[in-house]
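Okay, here's what each chain looks like letter by letter:
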Amino acid sequence: MAAAGVLAAVGKIFTAAPASASTMSLPQMPPLPETVSGVGAPRIPLTLGWRWTSTPPASFWTPGTDTSTWDAISVPGEPALQGKTVPSNVECAYAVRVTVPADFANRRVMLRFDGVSNFARLWVNGTAVRTHDGGFTTWYADITSLVAPGQVAVVTLGVTDRPTSIAAQSAYAKHIIGGILRDVTLVALPQAHLTRLHADTTFDASYTDATLTVTAAGALTGSKNGTVDLALTDPTAERSRSSRPASG
């Protein structure tokens, strides 16, 4: 944006779909927190200790499954580029043991996947959590009720490279890319938190002035009202701050 340009901010904040929204429910996509009160590190990258196999046993997600003979694997990263033979349209399995920090107590505990190609099934401590179809899209899973802060949780993921999926990319890559391709993060959120935050900038015909539209959704506790503070920083690092109330 040109230095002489004018940026107008427009806010849309809601806790349920507005009347103008599509009837299709939007996925929850909480922004990653920089800090959470009382939590030392609210974002923990899950990069170590993963095991992988292309021939998982039946009910491989069951607690107590022996994964010691599965291959060690780097996450994120394509198994095929780590010397693994990845079959097409066959479910492969990942597993990792994760210690949930004690200071995650009384927070929402989430798993964030930034890219799994392309069909995934997720279990935590043997309980089915959710599925997801999409190779390079971020998705979340709320695992609060399935884990205990201060204790170890077992995360198991079944991944199938489906050639007929709309998210299939292996034909373009010229090899089977199925696997965890982007970051996996264990996240602590406050009980009341944003579930979506989207910014859209619309420029005028001369690309001089613009309108910044911010849309947010939130999960609130104990009240139907809340406040979202938005801070906008210009190129000189000066802040222009605005807030809008969030209502149910």
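What counts, and at which threshold
Residues numbered from 1 in each chain as written. Predicted model: local features only at pLDDT ≥ 70, side-chain atom pairs only at ≥ 80, totals over all residues. Heavy atoms only, no water. Core = buried A, V, L, I, M, F, W, Y, C linked by side-chain atoms within 4.5 Å. Buried < 20%, exposed > 50% of the residue type's maximum accessible area, 1.4 Å probe, protein only. Helix = DSSP H or I, 4+ residues; strand = E, 2+ residues; numbered from the N terminus. Contact = heavy atoms within 4.5 Å. pLDDT = per-residue confidence, 0-100. Pairing = 2+ DSSP bridges. Polar contact = N/O pair within 3.5 Å; in protein donor to acceptor, adjacent residues only side chain to side chain.

J.: What is the right way to look at the nonpolar core in this model?
T.: One recurring pattern in soluble globular proteins is that nonpolar side chains are buried together. Trp50, Tyr94, Leu111 and Leu157 are the most contacted members of the largest nonpolar core, which has 33 residues in total. At the level of secondary structure, the elements contributing two or more residues to this core comprise β5 (91-99), β6 (108-113), β8 (119-124), β10 (139-142), β11 (152-160) and β13 (184-189). Excluding residues within four positions of it along the chain, Trp50 makes contact with Asp71, Ala72, Ile73, Val75, Tyr94, Ala95, Val96, Val155, Ile180 and Val184. If you look at the next biggest cluster of nonpolar residues, it comprises five residues, including Phe60, Ala93, Ala95 and Trp123.

J.: Would you mind showing me how to read the confidence of the model for the protein chain here?
T.: Detail in the predicted coordinates should be disregarded across regions flagged by low pLDDT. Per-residue confidence for the protein chain gives a mean pLDDT of 87; residues scoring 70 or more make up 85%. Taken as a whole, residues 1-7 scores under 50 in pLDDT and shows 14 contacts with residues more than four places along the chain or in a different chain. The low-confidence segment residues 13-19, where pLDDT is below 50, has 14 contacts with residues more than four positions distant or belonging to other chains.

J.: Please clarify how unusual backbone geometry should be interpreted in this entry.
T.: Negative phi is the rule for most residues except glycine; trans is the rule for most peptide bonds. The residue after Val75, namely Pro76, is reached through a cis peptide bond having omega 0 degrees. Its location among the elements puts Pro76 in the loop between β4 (71-72) and β5. Here the amide bond leading from Ser117 into Asn118 is cis, since omega sits at -15 degrees, within 30 degrees of zero. Tracing the chain through its elements places Asn118 in the loop between β7 (116-117) and β8. Located in the positive-phi region is Ser59, a residue other than glycine, with phi close to 55 degrees. In this structure, Ser59 sits in the loop between β3 (51-53) and β4. Given the relative accessible area of 36%, Ser59 is considered partly exposed. In the Ramachandran plot, Asn125 falls in the positive-phi region, its phi being about 50 degrees despite a non-glycine side chain. Secondary-structure assignment places Asn125 in the loop between β8 and β9 (127-133).

J.: Can you walk me through the pairing of β5 in this structure?
T.: Walk down a regular strand and you will see the side chains alternate between the two sheet faces. For β5, the tally of buried residues reaches seven of nine residues, placing the bulk of the element in the interior. Pairing between β3 and β5: three bridges, direction antiparallel. Across the sheet, Trp52 pairs through a bridge with Tyr94, a residue of β5.

J.: What exactly am I supposed to notice about the sheet that holds β5 here?
T.: Strand pairs in the sheet, formed through backbone hydrogen bonds, run parallel or antiparallel to each other. Strand order in the open sheet formed by six strands is β4-β3-β5-β11-β8-β9, and the pairing between neighbours is antiparallel. Each having just a single partner strand, β4 and β9 make up the two edges of the open sheet.

J.: Help me understand the environment of Arg108, please; the structure alone is not making it clear to me.
T.: For Arg108, the position within the fold is in strand β6. Taking the C-alpha atoms as reference points, Arg108 and Gln191, 83 residues apart in sequence, are found 5.8 Å from one another. Beyond its immediate stretch of four places on either side in the chain, Arg108 contacts Asp142, Thr144, Val187, Ala188, Leu189, Pro190, Gln191 and His193. Within the structure, the side chain of Arg108 is placed 2.9 Å from the side chain of Asp142, a separation counted as a polar contact.

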